[in-house]
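Chain residues, written in single-letter form:
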Amino acid sequence: MSEPQDHQPLSMTALTIRLDDELFAVEAGRVREILDLVPITEVPNAPDFVGGLINVRGRVVPLADLRVMFGMNRPEPDEDTRIVVMEVDMDGEPTIAGILADKVHDVTDIEAASIEEAPKVGMRWRPEFIKGIGKRNGGFIIIPNMERIFETPGARNAPVAASEERSAS
C-alpha cells in the first residue's frame with residue numbers, strides 16, 4: 001500500500017478473494033502465501049471465527065474464517081477453496097494467520113479515488129469491520145479492516161480468564 005495521507009492511502013495493491021458471493025480485497029503486501037486446503041486441527045471450545053490451526057512449514061498458524069464475522073453462509077470447501085496466509089497486526093505485533101477464501105482471484109491496484117468509507121447505514125455488516133469499499137469494473141470490492149476484526153473479543157482464542165478475578169480485600 002502506498003503511504004497514507006489523512007488515513008486515506010494513495011492506492012492499494014490488493015489480493016482479491018471471494019467470500020460467499022462478495023469480492024474482498026486484502027493488502028497484497030501482507031500476504032505471505034496462498035495454500036490449497038490443508039488439514040485443519042480443530043480447537044475445542046474455540047470461537048467459530050478462529051476454530052482451527054494449520055501447519056504452515058512447521059509453524060502453527062491460527063485459521064480464521066472471515067465469513068463468521070460477516071455473518072455469511074459457510075459452504076463446504078471445494079476445489080476453489082484456498083487459505084491465504086498473511087500478516088495481521090494484533091496489539092501492535094505482527095501475527096501470522098490464515099484466512100479461508102472461497103476463491104482467490106488476482107492481484108490488482110485499487111486507486112484511492114475509487115475507495116470510499118463504508119456507509120454507516122444500509123450495510124449488512126458491522127461498519128467497523130470495513131476499512132473501505134472500492135469500485136472496479138462496475139462492481140464493489142470490500143476492504144476488510146483485518147486489525148479491527150482480529151481485535152474483536154470473540155475473535156480471540158483465550159477469553160479473559162476467570163482466574164484473573166481477584167477478591168476485593
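Preceding this paragraph is the structure being described.
> Lay out empty space enclosed by the protein with the relevant residues and their values.
Summed over the entire model, instances satisfying the criterion amount to one cavity of 30 Å³ or more. Here the largest cavity defines a volume of roughly 70 Å³. Lining the largest cavity we find Met-12, Ala-25, Val-26, Glu-27, Arg-30, Lys-131, Ile-143, Pro-144, Met-146 and Glu-147. Only strand E4 (22–27), strand E14 (139–144) and helix H2 (146–151) provide two or more residues apiece to the lining of the largest cavity. The element contributing the most residues to the lining of the largest cavity is E4, with three residues.

> Account for the pairing of strand E10 (residues 93–101), naming residues and giving values.
Across two bridges, strand E8 (residues 59–64) lies against E10 in parallel orientation. Bridge pairing links Ala-64 to Ile-99 in E10. Sheet topology note: the strand E9 (residues 82–90)/E10 ladder contains nine bridges and is antiparallel. Among the inter-strand pairings, Val-84 is bridged to a residue of E10, identified as Ile-99.

Scoring rules and cut-offs
- Residues numbered from 1 in each chain as written.
- Predicted model: local features only at pLDDT ≥ 70, side-chain atom pairs only at ≥ 80, totals over all residues.
- Heavy atoms only, no water.
- 1 Å grid on protein atoms, 1.4 Å probe; cavity = no way out; pocket = protein on both sides within 12 Å on 5 of 7 lines; lining within 4 Å.
- Points joined across faces, edges and corners; volume = space filled by probe spheres on them.
- Helix = DSSP H or I, 4+ residues; strand = E, 2+ residues; numbered from the N terminus.
- Pairing = 2+ DSSP bridges.

The values reported here are purely geometric and, on their own, carry no functional implication.
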